[in-house]
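# Notes for the structure review
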Amino acid sequence: ALAFWLAFRRAAIYLDDIFELGQVHIAERFIRQAVFASRYDVIEITEGDVAEKDQNSPIFLIGGPGKVRVFLENAALVEKVGGQPRVLGPSVRGRPPTGEPHNQGRTRFGRLVRRDQRIARGREDGAVLLEGFERLRSVIDLRDQVETLSVPGRTRDGIRVKVDNLQVIFSVRRDGQQPTLEQPYPFNPEAVKTLVYGQRTDGETA
């Protein structure tokens, strides 16, 4: 038992040093999940980021094995050990990100919300399994993004002009897909890779 404990402890300290965690107990949780197949942690991706309560999870800091719940307004890109990317679309519909009230009665949307409430209480999973050391690389917000700009310039006569409160609305490329109740934010997975890695193909942008 002592030899086992020493090996476990040294492995956790080594892992903590490699990933520069500064928290050996997180490395210990990772080892328990990866080696002994104990109950996996679950992290949630919502509002364009990893939920604050999950930012000390070994899944977020080290990688899989573990589970990820991606709520409807997000897409996530994870990388395997060899660097191969995988795009995770929404696996949980969740409540509307705007927080606006919706009819939760007999409508189809109401049934979806009640289903996601059951997921939150642990009655259903609604999560994607990550492989060993598969790590979260980036989270993309699929909702329309709005930027307000001020653009200075000059006319052809050399007169200074300035445009204030210029609003630009953009989103991840949707390729003509129409929003539906089950997928209100359709997206092209290749566009997500383009955003993360800064690539451009055939003169197109993400």
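Model, not experiment: these values are computed from the prediction. (Residues numbered from 1 in each chain as written. Predicted model: local features only at pLDDT ≥ 70, side-chain atom pairs only at ≥ 80, totals over all residues. Heavy atoms only, no water.)

### Concerning the packing of aromatic side chains
One pass over the full model with this rule turns up 1 aromatic pair. Ring centres 5.1 Å apart and planes at 55° place the aromatic pair Phe 30 and Phe 133 in the tilted group. Placement of Phe 30 in helix α2 (residues 24–36) and of Phe 133 in the loop between β6 (128–130) and β7 (135–141) is noted, with a sequence separation of 103 residues between them. Among the residues examined, Phe 30 registers a relative accessible area of 5% and is labelled buried. (Phe/Tyr/Trp six-rings, centres within 6.5 Å; stacked < 30°, edge-to-face > 60°. Helix = DSSP H or I, 4+ residues; strand = E, 2+ residues; numbered from the N terminus. Buried < 20%, exposed > 50% of the residue type's maximum accessible area, 1.4 Å probe, protein only.)

### Considering the sheet that holds strand β5 (residues 85–88)
Taken in spatial order, the 3 strands line up as β5-β4-β7 in an open sheet, and their pairing is antiparallel. Because the sheet does not close on itself, it has two edges, and the strands there are β5 and β7. Between one strand axis and the next, the sheet turns by 20° as a mean value, whatever way the strands run. Sitting on the sheet, helix α5 (residues 189–197) touches β4 (74–79), β5 and β7, and the angle it makes with β7 is about 110°. (Pairing = 2+ DSSP bridges. Axes fitted to C-alpha atoms, helices over the stretch in contact; angles between N-to-C directions. Contact = heavy atoms within 4.5 Å.)

### Considering the sheet that holds strand β3 (residues 66–70)
An order of β2-β1-β3-β6 is seen for the 4 strands of this open sheet, with the pairing classed as mixed. Strands with a single pairing partner mark the edges of an open sheet, and in this sheet they are β2 (49–50) and β6. Of the strand pairs in this sheet, strand β1 (residues 42–46) and β3 are connected by 4 bridges, and their pairing is parallel. When the bridges of β3 are listed, Glu 44 appears paired with Arg 69.

### Some details on the pattern of salt bridges
Scanning all chains against the criterion turns up 13 salt bridges. Arg 143 is the partner of Glu 47 in a salt bridge, and the nearest nitrogen-oxygen pair spans 3.2 Å. Of the two residues, Glu 47 is situated in the loop between β1 and β2 and Arg 143 in the loop between β7 and β8 (145–154); the sequence distance between them amounts to 96 residues. In this structure, a network of salt bridges that share partners links the residues Glu 44, Lys 53, Asp 54 and Arg 69. (Salt bridge = Lys/Arg side-chain N within 4 Å of Asp/Glu carboxyl O.)

### Re the environment of Val 192
Here Val 192 shows up in helix α5. Residues Val 192 and Arg 173, 19 residues apart in the sequence, show an inter-C-alpha distance of 8.4 Å. When near neighbours in sequence (up to four residues on either side) are disregarded, Val 192 contacts Ala 75, Val 87, Ile 140, Val 172 and Phe 187.

### Concerning the packing of helix α1 (residues 2–18) against α2
Between two packed helices, the angle of one axis relative to the other and the distance separating the axes together describe the packing. Following both chains from N to C, one finds α1 and α2 inclined at 115°, their axes separated by 8 Å at the closest point. The chirality of how α1 crosses α2 is right-handed. Contact residues: Phe 4, Phe 8, Arg 9, Ala 11, Ala 12, Ile 13, Leu 15 and Asp 16 in α1; Val 24, Ala 27, Glu 28, Phe 30, Ile 31, Arg 32 and Phe 36 in α2. Split into classes, the residues belonging to the contact of α1 with α2 amount to 11 nonpolar, no polar and 4 charged. (Left-handed = near helix turned anticlockwise from the far one by under 90°. Nonpolar A, V, L, I, M, F, W, Y, C, P; charged D, E, K, R; others polar.)

### Considering a nonpolar patch on the surface
A contiguous nonpolar patch, built from Leu 2, Phe 4, Trp 5, Leu 6, Val 35 and Phe 36 and spanning about 670 Å² of accessible area, is present on the exposed surface. Where the nonpolar patch is concerned, the elements lending two or more residues are α1 and α2. For the nonpolar patch, the leading source of residues is α1, giving 4 residues. Of note, Phe 36 is situated in helix α2. (Patch = residues over 30% accessible without salt bridge, like charges linked within 9 Å, V, L, I, M, F, W, Y side chains within 5 Å. Areas by Shrake-Rupley, 256 points an atom, 1.4 Å probe, with all protein chains shown as cover.)

### Re the pairing of β5
Examined bridge by bridge, β4 and β5 share 4 bridges and lie antiparallel to one another. Of the residues in β5, the one forming a bridge with Glu 79 is Pro 85. Linking β4 to β5, which pair antiparallel, is a turn of 5 residues; within it Gly 83 sits at a positive phi near 95°.

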